[in-house]
Amino acid sequence: MFKKFALLVFLCFGFNALAQNGKNPSFEEIISLQSRSSAVISPDGKNVVFETQSVDWKENRYDRELWISKEGQAPFQLTNTPKGSSRSAKWSPDGKWIAFTAKRGEHTQLHAIRSAGGEALSITRTEQNVSDFEWSPDGTKIAFLQSEDSKKEQDKRKDKYGGYAVEDAEYDIDQLWVVDFHADELQQWPLPDQLKDSLYTEKRKATLLMDSTTFSVNSFKWSPDGKKVAIEHQPDPLINTFFKADISLYDLESKSLKTLVKNRSYDGLIDWSPDGKSILYGSSLDDTTSNYYKNGKFFIIDSDGSNNRQIAQGFDEDLFALQWNTKGIFALSWQKTLRRLIQIDPQNGNTQIVSETPERIWNYSFSDEGTKIAFTASNDTDLTEVYTADFPFTGVQKLTSSSAQIAEWATAKSEVIQWKSKDGAIIEGVLHKPQDYDPNKKYPLLVIIHGGPTGISTPGPVPSYVYPMVQWLNKGALILRPNYRGSAGYGEKFRSLNVKNLGVGDAWDVLSGVGHLEKQGLIDGNKVASMGWSQGGYISAFLTTNSDKFKAISVGAGISNWMTYYVNTDIHPFTRQYLKSTPWSDKKLYEKTSPMTNINKAVTPTLIQHGENDRRVPIANAYELYQGLQDIGVETKFIIYKGFGHGINKPKERLAATWHNWQWFGKYIWGEDIEIPMK
């Protein structure tokens, strides 16, 4: 798929609420909600393995473990990784084994467990972390990716010259390895200790599949007959080198590598055709100027390099999570605030939507025959659950009961609303209301802006991240989450509306949404606040310095100055593509779209939240906004989350950030002096 690196997308997807006047949950309870993801169906379509995420407060981490449902029965936990997680499950071709990655020592390694249950065994014992992997079609081998080991050379240099780094020149390429899987030996159960030891000896014999010292492997796919491996690769693993990704075929018998697709911009491997004659891929062709906001292009090419043809040309949205089986080519796509399964005819390239309910499908997996499907999905009123169905979507069965976690809670009522922005663009947003909503009352309004910008906000009764939305609703407020211009789900033209217009057009969309609710008499126009993370933080910062509408604002990991951002971020092309310039070629545009340009007009009390080690939006942006607000006497508070990058991905710090927002807006919207509890 296309690597459209966004600033960050915290989508805060929907959960379930059944109680009309239930309990107001604590911050800890919402952070502790278990979630389901990554459902994978067995080759025969009878069993489903999936991931369950839970919170370990003592260890301050999110833990993922594998669960399994057999023949539609109640799921049970399959793995248990102390102080780590098990993830990325993949069935062996015969359905007897499940391989997965887990960190049960110093490095993340490949493990396997019988689908019947029992003890998980380590398949690899390498000196680097294993990332992506795939079974060979006959199940006798597993190919996997890991980075080259340059630690000895690095230590040698450091010992002689001390510590230094050369920008854009310090990396370890990702290489493709293969290890034998001894299924015949593993049939003995339980395994005697001596057999375990011999297996470990075999596992150390993982071998490099090919010499790839001139490029870094991004992804790979075995051909259906197991004789070739399709490889997506780029000159180095640096994040911006994705523009140079190409596709090649490696012949295992001749040990030869043949380039199959090599355009000027990104070429991304997706899948083989079921008959092994063709390759499905995505490409930006020769376009290096709009990778972040235009629809992706998809093609089929025969493995000999002939008969290259485009598919899904008339589909006006991004397609992702594509796969090809005997029933056709499938993908997921946003359709406004819905997320549908799309089927593509490989012969004529036509598309059709094949799922109507549930409303949002997050991932899917087909059985070998394409007659059974497992998927994770949610509706406006429930948590993400694991489902199975006969294809096409008959006999849908829900395997999990995640929604029971919040059945007694008072949570949000959600609806999608529309309004017209300053320039006439039609904008949608999600309006959350409390369970006891009174249409005769005017409420305070909290605007919460998603990241991206190609993210999206959707209905759901327990949206969160670091914003205590449910508690604000239960306190007596409305919440608006606008899908401003540039958001996913509304077509390429809409996603392009903030090109050369970042911040400016986004602010129009937010302010017009506030005005729309005020005209309807739903809100108290004197009690309006705004917040967001990443791109949402940038828009909030822009509102801080360009509007006096808000009583308080929170800027999470936001951009304050596009020039500062451009020279510090890890994705320089993002800025060049959206602003169509560099700071040196169009200084005025960078000034027009930067919050700091109008810092002297700022009047809104502003909370600033930022990760200490953020590379996506470097912390210099936060310092710049903080100092500017201090200099002009606007009340501000700057909180740095130690050791974190662009996201707050540990529960204790997420709890702290939630309290910081609760405290800030409690003071300026409700006039409360809130002390953060220490017990």
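Chemist: Help me out: how do you make sense of the side chain of asparagine 295 in this one?
Modeler: Mapped onto the elements of the fold, asparagine 295 is located in the loop between β18 (278–283) and β19 (297–302). Looking at asparagine 295, its side chain comes within polar contact range of the side chain of aspartate 316, at 3.0 Å.

Chemist: I'm lost on the layout of surface pockets in this one. Help?
Modeler: Space left empty within the atom packing is revealed by a probe, the size of a water molecule, rolled over the atoms. In this structure, the largest pocket occupies an estimated 2,100 Å³ of space. Forming the boundary of the largest pocket are 49 residues, of which Lys90, Glu134, Lys221, Asp271 and Gln323 lie nearest the centre. The set of elements that each furnish at least two residues to the lining of the largest pocket consists of β1 (35–41), β5 (86–91), β9 (130–135), β13 (216–222), β17 (267–272), β21 (320–325) and β25 (360–366). The element best represented in the lining of the largest pocket is β21, accounting for six residues. Per-class residue counts for the lining of the largest pocket are 26 nonpolar, 15 polar and eight charged.

Chemist: Looking at this structure, I do not really get the pairing of β17. What am I missing?
Modeler: In the case of a regular strand, side chains alternate between the two sheet surfaces. Counted residue by residue, β17 has six buried out of six residues, so it is predominantly covered. The antiparallel hairpin formed by β17 and β18 contains five residues in its connecting segment, where glycine 276 sits at a positive phi of about 75°.

Chemist: What exactly am I supposed to notice about the sheet that holds β9 here?
Modeler: One key point about sheets: their strands pair by backbone hydrogen bonds, in either a parallel or an antiparallel sense. Strand order across the open sheet formed by four strands is β9-β10-β11-β12, with antiparallel pairing between neighbours. With partners counted over all chains shown, the strands left at the sheet margins are β9 and β12 (207–208), one partner each. Where β9 lies against strand β10 (residues 141–147), four bridges are found, and the strand directions are antiparallel. Its bridge partner lying in β10, phenylalanine 133 is registered against phenylalanine 144.

Chemist: I'm lost on the packing of helix α7 (residues 504–519) against helix α8 (residues 535–546) in this one. Help?
Modeler: The relative placement of two packed helices is expressed as an angle between their axes plus a distance between the axes. Relative orientation of the contacting elements α7 and α8 amounts to 80°, with a least axis distance of 10 Å. The angle between α7 and α8 falls in the class roughly perpendicular. The residues of α8 that touch α7, namely those facing Val504, Asp506, Ala507, Val510 and Leu511, are Gln535, Tyr538, Ile539, Phe542 and Leu543. Residues belonging to the contact of α7 with α8 are distributed by class as follows: eight nonpolar, one polar and one charged.

Chemist: For this particular structure, what's the right way to read the sheet that holds strand β2 (residues 47–56)?
Modeler: The strand order across the open sheet formed by four strands is β1-β2-β3-β4, and the pairing between neighbours is antiparallel. The outermost strands of the open sheet, each flanked by one partner alone, are β1 and β4 (76–77). The pairing of β1 with β2 spans five bridges and is antiparallel. Bridge pairing links serine 37 to glutamate 51 in β2.

Chemist: How should I be thinking about the packing of aromatic side chains in this particular structure?
Modeler: The description of an aromatic ring pair rests on the distance of the ring centres and on the angle between the ring planes. By the definition in use, this model includes 32 aromatic pairs. Aromatic pair phenylalanine 27 and tryptophan 662: ring centres 5.6 Å apart, planes at 70°, arrangement edge-to-face. With a gap of 635 residues between them, phenylalanine 27 in helix α1 (residues 27–31) and tryptophan 662 in helix α13 (residues 651–669) connect regions that are remote in the sequence. Each member of the pair phenylalanine 27 and tryptophan 662 is classed as buried. Arranged with centres 5.0 Å apart and planes meeting at 85°, the rings of tyrosine 623 and phenylalanine 638 form a pair that is edge-to-face. In this pair, tyrosine 623 is assigned in helix α12 (residues 620–631) and phenylalanine 638 in strand β36 (residues 636–641), connecting sequence segments 15 residues apart. What makes phenylalanine 638 buried here is its relative accessible area of 16%.

Chemist: Would you mind showing me how to read the nonpolar core here?
Modeler: A general feature of soluble globular proteins is that nonpolar side chains tend to end up buried together. Ranked by internal contacts, the top residues of the largest apolar core, which has 79 residues, are Leu341, Phe375, Leu445 and Trp562. Beyond its immediate chain neighbours, meaning those up to four positions away, tryptophan 562 contacts Leu502, Tyr538, Phe574, Thr575, Leu579, Tyr590, Thr593 and Ser594. Listed in part, the 34 residues of the second largest apolar core include Val55, Leu446, Ala529 and Trp664.

So, how was this worked out
Here the residue numbering is sequential within each chain, running from 1 through the sequence in written order. With the structure being a predicted model, the display of local features is reserved for residues of pLDDT at least 70 and the display and counting of side-chain atom pairs for 80 or more, all residues being used for whole-chain, interface and lining totals. Side-chain measures were taken over the full set of non-hydrogen atoms in the model, leaving aside hydrogen atoms and water. For the purposes of this entry, the term helix denotes a DSSP run of H or I that reaches at least four residues, the term strand denotes a run of E that reaches at least two, and both are numbered from the N terminus. Each polar contact in these results corresponds to two N or O atoms within 3.5 Å; when the atoms are within protein, one needs to be able to donate a hydrogen and the other to accept it, and residues that are neighboring in sequence are counted only if both atoms are side-chain atoms. Two kinds of site are reported from a 1 Å grid over the protein atoms alone, namely cavities, where a 1.4 Å probe fits but cannot get out, and pockets, open sets with protein on both sides within 12 Å along at least five of seven lines, and residues are called lining when an atom falls within 4 Å of a point. Grid points are joined across faces, edges and corners, and a volume is the space filled by probe spheres set on the points. Residues are grouped as follows: nonpolar covers Ala, Val, Leu, Ile, Met, Phe, Trp, Tyr, Cys and Pro; charged covers Asp, Glu, Lys and Arg; every other residue, Gly included, is treated as polar. For the exposure calls, accessible area comes from a 1.4 Å probe over protein chains only, and a residue counts as buried if that area is under 20% of its type's maximum, exposed if over 50%, partly exposed in between. If DSSP finds at least two bridges between two strands, the strands pair. For helices, the fitted axis covers only the stretch in contact; all axes are lines through C-alpha atoms, and the angles between them, taken along N-to-C directions, range from 0 to 180 degrees. In this scheme, roughly parallel covers angles under 35 degrees and roughly antiparallel covers those over 145, while 65 to 115 is roughly perpendicular and the rest are oblique. For this analysis, residues touch if any pair of their heavy atoms sits within 4.5 Å. Only Phe, Tyr and Trp rings take part, Trp by its six-membered ring, and two of them pair if their centres are within 6.5 Å. Stacked means planes under 30 degrees apart, edge-to-face means over 60, and tilted covers everything else. What is meant by a nonpolar core is a set of buried Ala, Val, Leu, Ile, Met, Phe, Trp, Tyr and Cys residues, joined one to another through side-chain atoms within 4.5 Å.

Purely geometric stuff here, so don't read any function into it on its own.
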